[in-house]
Every structure is written in C-alpha cells, then in structure tokens.
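Close look at the chain arrangement
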Amino acid sequence: MTHKERRDAQMAYISDASIMEEQKVCRRKLQKLNFMDRSDFDGIAEAVKDLLGKSEGAFINPPFYCDYGTHIEAGKNLFINYNCTILDVARVKIGDNCQMAPNVAIYTAGHPIHPVSRNSLYEYGKEITIGDNVWIGGNTVICPGVHIGDNVVIGAGSVVTRDIPSWSVAAGNPCRVIRQITDDDKKKLFGQEEIDEEAWEDIVNKM
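Just so it is clear, the structure is predicted and the values come from calculations on it, not from any experiment. (Residues numbered from 1 in each chain as written. Predicted model: local features only at pLDDT ≥ 70, side-chain atom pairs only at ≥ 80, totals over all residues. Heavy atoms only, no water.)

**A short note on the pattern of salt bridges**
A complete count under the given rule lists 9 salt bridges for this structure. Connected through salt bridges with shared partners, the residues K4, R7, D8 and E22 form a single ionic network. (Salt bridge = Lys/Arg side-chain N within 4 Å of Asp/Glu carboxyl O.)

Rendered as structure tokens:
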C-alpha cells in the first residue's frame, strides 16, 4: 500500500513526498484565506468553499488552519470563529448548523506512545464526527476518534477524549456529560436568563 492509502485507511503511515504535495495545495489556499481583507465577506466565503471538501453556506473567520481541507466534510451553515485548527489527516464530518467558537482545535492526527515507534515517523489519523446543531465552546480540544452526537453543547475549555451522546451539555477536562438538553431550555438565553419577548416571538415565527 502507498502511504496515502495507509493514511486514508486510518493505518500507520509516513508523510512522504506525495502527501506533502497535497498539503502544499492546502497551504496555498490557506495563505489566500488568511491574508484576505477581513471585511471582504463574499471573498472569504468563496475561499472557504474552495478550501473545504464539501460545504454549503460555510463561513470561517480567519485565521484558520488545517492540513488538507478536502478531508473536512461540512454540512449546511457551518460557522467557525477566529483562530481554529482542524488537523484533518482523517476525515472530519460536521453536520448542519454547527458553530465553533474561537480557538477550537480538532485533532484527528496522532503519534505512537512509545518513542521507538514515534521516532520512526509513522503516525495515524482517526476520523472525528460531529452531528447536527452542535455548538463547541472556545478553546475546546477534540481528540482523535471522537464522535459527537446531534444537538450538543460543549462547554468552553473542554478536552473531548470520548464520545458525547446527542442532546447533551458536556464540559470539562476530560469532557463529561453534565446534563441533557430538554424543551425547558428553549427560551433560555444565558444561565437562567430568558430570551426577551420580542426576540422570542421572532423565534417562534421562524419555527
């Protein structure tokens, strides 16, 4: 098997010349995105569309960093805020209507624990999936192989090392489920503060 084939099969692989050529393509696209006029929203949206493997209505506030871009499969209306990193050695599948706060880091990439194996230059990537309607708080780290369900909120500063089920609020290091999300949360804004009536009426009319 080639190292590309090994990488895409989530096996041990080495970043050889052919893999680095793929990363060069991505880095040229990132160079364009990360040095664009920050007020050129249409231009940024086009650069994001060119970078990502699959997306519809995605927007990223630069700077943004990834290895390939084409290994990121985004659903509708993805929003990624400033200074996020996705190491997309393996595929990263993101559902519809997902939001990422600043400094979120998604790492599919990893290295062997033992120094003999690690110093051989072999590494690996393990797929990460994120469901629909997920909000990931600032400075969160998502580790290789993690699967996050639908309608999840990940609290700021979390380190997600294990799967998170749907309809959960989860936070911490390591990240753990704190509680379930229920219909009682629909009108909540911040803590126990509720959405004001004017905004709530607008929300109801859009349901």
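**So, the state of the cysteines**
Overall, the coordinates contain 0 disulfides when judged by the stated rule. Residue C143 stays outside any disulfide, its sulfur separated by 10 Å from that of C175, the closest cysteine. (Disulfide = S-S within 2.5 Å.)

**Quick word on the sheet that holds strand β7 (residues 92-94)**
Spatially, the 5 strands line up as an open sheet ordered β1-β4-β7-β12-β15, and their pairing is parallel. Every interior strand has two partners, whereas the edge strands, β1 (54-56) and β15 (147-148), have only one. Note: strand β12 (residues 128-130) against β15, 2 bridges, orientation parallel. Bridge assignment links I130 to a residue of β15, and that residue is I148. (Pairing = 2+ DSSP bridges. Helix = DSSP H or I, 4+ residues; strand = E, 2+ residues; numbered from the N terminus.)

**Observations concerning the sheet that holds strand β8 (residues 99-100)**
The strand order across the open sheet built from 7 strands is β2-β5-β8-β13-β16-β18-β19, with neighbouring strands paired in mixed fashion. On the outer flanks of this sheet lie β2 (59-60) and β19 (176-180), each paired with one strand and no other.

**Remarks on the pairing of strand β18 (residues 168-171)**
In terms of strand pairing, strand β16 (residues 153-154) meets β18 through 2 bridges, oriented parallel. Paired with V153 across the strands is V169, a residue of β18. Pairing of β18 with β19 involves 4 bridges; the strand directions are antiparallel. The partner of A171 across the bridge, within β19, is R176. Linkage of β18 to β19, two consecutive antiparallel strands, is achieved through a turn of 4 residues, within which G172 is found at a positive phi near 110 degrees.

**A closer look at the environment of K188**
Looking at where K188 falls in the secondary structure, it is placed in strand β20 (residues 188-190). Counting along the chain gives 12 residues from K188 to W200, while the straight-line C-alpha distance between them is 9.9 Å. Once residues lying within four places of it in the same chain are set aside, the contact partners of K188 are E193, E194 and I195. (Contact = heavy atoms within 4.5 Å.)

**Some thoughts on a negative patch on the surface**
Together, D37, D40, D42 and E46 make up a negatively charged patch on the protein surface. Along the chain, D42 falls in helix α3 (residues 41-51). (Patch = residues over 30% accessible without salt bridge, like charges linked within 9 Å, V, L, I, M, F, W, Y side chains within 5 Å. Areas by Shrake-Rupley, 256 points an atom, 1.4 Å probe, with all protein chains shown as cover. Lys, Arg positive; Asp, Glu negative; His and termini not counted. Charge placed at Lys NZ, Arg CZ, Asp CG, Glu CD.)

**Quick word on the side chain of D185**
Turning to its location among the elements, D185 is positioned in the loop between β19 and β20. When its relative accessible area of 15% is taken as the criterion, D185 is described as buried. A distance of 3.0 Å separates the side chain of D185 from the side chain of R179, its partner in a polar contact. Not counting the four nearest positions on each side in its chain, D185 is found in contact with R179 and Q180. (Buried < 20%, exposed > 50% of the residue type's maximum accessible area, 1.4 Å probe, protein only. Polar contact = N/O pair within 3.5 Å; in protein donor to acceptor, adjacent residues only side chain to side chain.)

**Focus: the packing of aromatic side chains**
Within the structure shown, the criterion is met by 1 aromatic pair. On the numbers, 6.1 Å between centres and 65 degrees between planes, the contact of F41 with F59 is edge-to-face. With F41 in helix α3 and F59 in strand β2, this residue pair connects regions lying 18 residues apart in the sequence. Its guanidinium or amino end placed over the ring of Y68, R7 lies 4.8 Å from that ring's centre, counting from NZ or CZ. (Phe/Tyr/Trp six-rings, centres within 6.5 Å; stacked < 30°, edge-to-face > 60°. Lys NZ or Arg CZ within 6 Å of the ring centre and 35° of its normal.)

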